[in-house]
Amino acid sequence: MKEHILEMEKYAIENNVPIIEKKSIVYIMKYIKEHNVKSILEIGSAIGYSAILMASSTKEVTVTTIERDENRYMECLKNVKKCGMEKKINVVFQDALELNLSDELKYDLIFIDAAKGQYIKFFEKYKHFLNPGGIIITDNLNFHGYVGESNKLDKGNLKSLVEKIESYIEFLKNNTEFETKFENIGDGLSISKMKE
Ligand code: SAH
Ligand code: MG
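Keep in mind that what you see is a predicted model, and the values were worked out from it rather than measured. All chains use their own residue numbering, which begins from 1 and follows the written sequence. Whichever chain is written first is A, and whichever ligand is written first is 1; the rest continue in order. Predicted model: local features are reported for residues with pLDDT of at least 70 only, side-chain atom pairs are reported and counted for 80 or more only, and whole-chain, interface and lining totals are derived from all residues. Each side-chain value is derived from all of the structure's non-hydrogen atoms; neither hydrogens nor water enter the calculation.

Caption draft 1: Local environment of the site of ligand 1. Here a residue counts as near a molecule or strand whenever at least one of its heavy atoms sits within 4 Å of it. Neighbouring ligand 1 are 21 residues, the closest being I20, G44, E67, A96 and D113. Within the backbone of I20, a nitrogen or oxygen atom sits 2.9 Å from an oxygen atom of ligand 1. In the environment of ligand 1, an oxygen atom lies 2.9 Å from a nitrogen or oxygen atom belonging to the side chain of R72. For ligand 1, whose free accessible area comes to 590 Å², the fraction covered by protein is 94%. Classes in brief: Ala, Val, Leu, Ile, Met, Phe, Trp, Tyr, Cys and Pro nonpolar; Asp, Glu, Lys and Arg charged; the others, Gly included, polar. Of the residues in the shell around ligand 1, the class split is 10 nonpolar, four polar and seven charged. By the criterion applied in these results, polar contacts are pairs of N or O atoms within 3.5 Å in which, for protein atoms, one can donate a hydrogen and the other can accept it, and in which residues neighboring in sequence qualify only through two side-chain atoms. Accessible surface area values rest on a Shrake-Rupley calculation with a 1.4 Å probe, where residue burial reflects the displayed protein chains alone.

See the structure below:
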């Protein structure tokens, strides 16, 4: 397992796959253990790195993870197999904004880590799939230090992406259904807890 994880880290660097930072996944794994999280939905599997580590946090926890890129999906399946996690991780090959999950499926934790410009859409679509008291964690809210600095960027894709992340942060701050804590860990995490 340990060697497969190292292999994935190497693959990610060589192939420019933006896997989660060490400190952030360590934080999430600790949260899973301490809060007895049993079911996780991840949006954005890439090669399965975060899904495999989340699934390895405790004996009981299971993960459903969604990926729209075929190569990454295939790579993810391969890695899940290598780690012997087929029973704990369900990989879905689809665009998360088009997928129709059964209304009966509910999760203790939703991890949003897909297209950064679509965070509000993912949040609004998937909040209905949380168990009472569940949380939504989002990654890359600092976006390599650009967030909060969009006014200094020239017009273009980067500026517009950073502005979207800034709007997402505002959206979370003003959200009346969820209480959000922002953690300056790795590339920036938000932890949004559904109010009971
Ligand atoms: N969670 C992974 C990294 C994910 S990188 C890890 O830390 O190991 C983001 C991934 O989200 C990319 O592979 C990209 O293809 C995928 N993605 C982006 N938008 C998506 C969407 N709408 N639906 C499904 N997957 C998406
Ligand atoms: Mg990320």
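Caption draft 2: Main features of the coordination of the magnesium ion (ligand 2). Here the coordinating atoms are restricted to nitrogen, oxygen and sulfur within 2.8 Å of the metal centre, or 3.2 Å for Na, K and Ca, and because water is not among them the sites may look incomplete. The coordination sphere of the magnesium ion (ligand 2) contains the protein donors D113 (OD), D139 (OD) and N140 (OD1), at a distance range of 2.1 to 2.2 Å. Under the relative-accessibility criterion, D113 is labelled buried at 11%. For N140, a relative accessible area of 11% puts it in the buried group. Relative accessibility decides the category of a residue: with a 1.4 Å probe and only protein chains considered, values under 20% of the type maximum give buried, values over 50% give exposed, and everything between is partly exposed.

Caption draft 3: Molecular detail of the pattern of salt bridges. Within this document, salt bridges are pairs made up of a side-chain nitrogen of Lys or Arg and a carboxyl oxygen of Asp or Glu, the two lying within 4 Å of each other. The tally for this structure, following the rule as stated, stands at 12 salt bridges. The partner of R68 in a salt bridge is D95, with the nearest N and O atoms 3.5 Å apart. Here R68 is found in the loop between β2 (62-67) and α4 (70-82), whereas its partner D95 is found in the loop between β3 (89-93) and β4 (107-112), with 27 residues between them in sequence. For R68, a relative accessible area of 55% gives the class exposed. Salt-bridge contacts for E177 lead to K127; the nearest nitrogen and oxygen are separated by 3.0 Å. Separated by 50 residues along the polypeptide, E177 in the loop between α6 (157-173) and β6 (178-183) and K127 in the loop between α5 (119-126) and β5 (130-139) bring together distant segments of the chain. Given the relative accessible area of 39%, E177 is considered partly exposed. Runs of H or I in DSSP of at least four residues are treated as helices and runs of E of at least two as strands, each being numbered from the N terminus.

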